[in-house]
Amino acid sequence: MCGIIGVTGAADAVPILIGALHQLEYRGYDSAGVAMVVDGGVWRARAAGGTNSVSALAELAQDAPTGHAAAIGHTRWATHGAPTAENAHPHIDCTGRIALIHNGIIENHAELRAELVAGGHTLTSATDTEVMAHLIEQGMAGGASLTEATRSMLRRVRGAFSIAAISADEPDTIVAARHSTPLVLGLADGMALLASDVPALIGHTRQVFALADDELAVLTPGALAVTTLDGTPVEPELLTITWDVEAAQKGGYEDFMSKEMHEQPLAVADTLLDRRGAGGELILDEMRLSPDDLRTIDKVFIVACGSSYHAALVAKYAIEHWAKLPAEVDIASEFRYRDPVLNERTLCVGVSQSGETLDTSEAMREAKRLGAKVLVVSNVVDSSMARAADGVLYTRAGPEIGVASTKCHLAQIVALEVLGLYLAQILGTQPVSVTNEILNAMEVLPGLVTEALSRAGEVDQVAAKLTDARDFFFLGRHVGYPVALEGALKLKELAYLRAEGYPAGELKHGPIALIEPGTVVVGIATRNPLWEKMMSNIAEVRSRGATVVLVADDGDEESAAAADHVLWVPPTYPLLAPVVGIVPLQQLAYRLARLHGHDPDRPRNLAKTVTVE
Ligand code: M6R
């Protein structure tokens, strides 16, 4: 998730861009850059200053030219290519006369890059974005306008994008378009503006127009012309924004947690983007570990903390089932203080949203010392763990600001399951037809998560009935067990309620003594081969007076008959079910936190990133 901004017709464009980039920093801050048409060419400044990239850019741009020509700016959340100044946007073409910014992921960038290089273009970054500037260059060299060349370029790229391009040949024009990622436009005082999100525009206008998917806009001073990608005119319908900047950064949601829960479909979709080759096979180029490195692996160890640990537990089932490799999962803070048995045939996978959690990074250091190959699954590009590891697989959830992990947890499950399938592909443990079937099922997960999210009102009704409850058990079997652990963690950290996640079959070995009337048992009862056994465990707690809430597949009346309340979810492939099944439990914890008067973005005693032991 990056932030983009553009303005044409401003008396002094660069300060407007920098101010807007500060408002967009919540979308990423790995690097920042601006470009503007000046004196028949393109002037550009870029900086990669860690969390202070926009401020570093402001320093660099102190002597920026003034003028009211077209100008664009970008703040980056790195996906393809390290967070360096060379990879910072805007990207330019070979002539230096075209500049382009992009939020999203271009899936077919590798083949386009190869084609451009073979055609004599020189690309200077490792990004997926740069190919677009060169494709526009090709079109304009053939006599097309910036608009026409952008249209042709968009016919060639596949993936998700909001883009804006400028050219020295058309000094006042910005051409912008979107597919899957957001872009808003506005008019103010002889200017036309664009941005990824409303906060960047609020200081200039409260009348905005949200570009729809597959629409293209041409911005000139004080004017917007919108068409579909194939050229049919669209009449912009302006919205009036009444939020303040902080509310706007939350995208109109009450808090970051709500916003991030709603970003989950996109986080899942982006994490899956560009992982498949032309024949449908998995290609994990970014991973740095080659198929040959992985072919010798005979054991997988996964280490993580908190929600990342729960995602790792789901992966254990997937890796053992698909890749037929023994997979052990350990809490990072325990791992290095026992004597884990690892060697050069072990793949140790660290899972960390931040890539900075001390317990996990130290566990990975220990694994490396013991000779294991070390891979990190991280959301933050070039995080400490990503730099220290032999390989890296990025989740692409964008910055997660809420302390409770939501969208990153889903993206981690998906990334780890992709890893499981990739190992199966390398080791030949599954027929291609099976991996294809699972990947196809993964690709529809964003839609199922959207559907699950749309039922928040029903979850709220259940939460309202549980306001007085103080003791919760979350039970699951198979991959439902990590879902139970995660559901309990969410309830503890957000609503400060006692909640225990437990493997349902283990309850009878002790904890069932705690079940009494008033205890709430939340069971993960989505269908899998252990569903019948799960339902027996539910009968055991029900007969002891527990109030039973079940997460069940749509239409499963047999499950519903055993519950006091049902949280319905759309069904999916059993090993993928945690991606959908956790959604109502996040919502339940969120709503109970609100009902108890707690701010879900700032749970007490917690920090987003834990860098102490
Ligand atoms: O950044 P990490 O993924 O390494 O963080 C791990 C845990 O601290 C984190 O998942 C924590 O449990 C969250 N607050 C859970 O919502």
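Scroll up a little and you will see the structure.
J.: Give a detailed account of the sheet that holds strand E18 (residues 346-352), specifying residues and quantitative values.
T.: A sheet is described by the order of its strands in space; here 5 strands give the open sequence E17-E16-E18-E19-E20, paired in parallel fashion. The strands lining the two open edges of the sheet, one partner per strand, are strand E17 (327-331) and strand E20 (391-394). Strand-to-strand, the axes of this sheet are offset by a mean angle of 20°, without reference to chain direction. Bridging between strand E16 (residues 299-304) and E17 involves 5 bridges; their strand directions are parallel. Note that in E17 the partner of Ala304 across the bridge is Ile331. Against the sheet, helix H10 (residues 306-323) makes contact with E16, E17 and E18, and its axis sits at roughly 170° relative to E17, the strand it touches most. Its contacts with the sheet put helix H14 (residues 407-427) on E16, E18, strand E19 (373-378) and E20, and the angle it makes with E18 is roughly 165°.

J.: Just give me the short version of the packing of aromatic side chains, but keep the residues and values in it.
T.: Working definition: an aromatic ring pair is given by the centre-to-centre distance plus the angle between the planes. Scanning all chains against the criterion turns up 2 aromatic pairs. The interplanar angle of 75° and the centroid separation of 5.4 Å between the aromatic rings of Phe301 and Phe335 together place this pair among those described as edge-to-face. Of this pair, Phe301 sits in strand E16 while Phe335 sits in helix H11 (residues 332-335), placing them 34 residues apart in sequence. Between Arg527 and the ring centre of Trp531, over which it is positioned, the NZ or CZ distance is 3.4 Å.

J.: Break down helix H18 (residues 480-495) for me, with residues and values.
T.: Compared with an ideal rise of 1.5 Å per residue, which puts 16 residues at 22 Å, H18 spans 22 Å between its outermost C-alpha atoms and is within 8% of the ideal. Across the 16 residues that make up H18, a large majority, 13, are buried. A positive backbone phi angle near 55° is found at Tyr496, which sits one or two residues after H18.

J.: Go over the environment of Ile241, please, and point to the residues and values.
T.: Positionally, Ile241 belongs in the loop between strand E15 (239-240) and helix H6 (245-249). Residue Ile241 is classed as buried on the basis of its relative accessible area of 7%. Considered as a pair, Ile241 and Gly222 are 19 residues apart in the sequence and their alpha carbons are 19 Å apart.

What counts, and at which threshold
- Residues numbered from 1 in each chain as written.
- Predicted model: local features only at pLDDT ≥ 70, side-chain atom pairs only at ≥ 80, totals over all residues.
- Heavy atoms only, no water.
- Pairing = 2+ DSSP bridges.
- Helix = DSSP H or I, 4+ residues; strand = E, 2+ residues; numbered from the N terminus.
- Axes fitted to C-alpha atoms, helices over the stretch in contact; angles between N-to-C directions.
- Contact = heavy atoms within 4.5 Å.
- Phe/Tyr/Trp six-rings, centres within 6.5 Å; stacked < 30°, edge-to-face > 60°.
- Lys NZ or Arg CZ within 6 Å of the ring centre and 35° of its normal.
- Expected span 1.5 Å × (residues − 1).
- Buried < 20%, exposed > 50% of the residue type's maximum accessible area, 1.4 Å probe, protein only.

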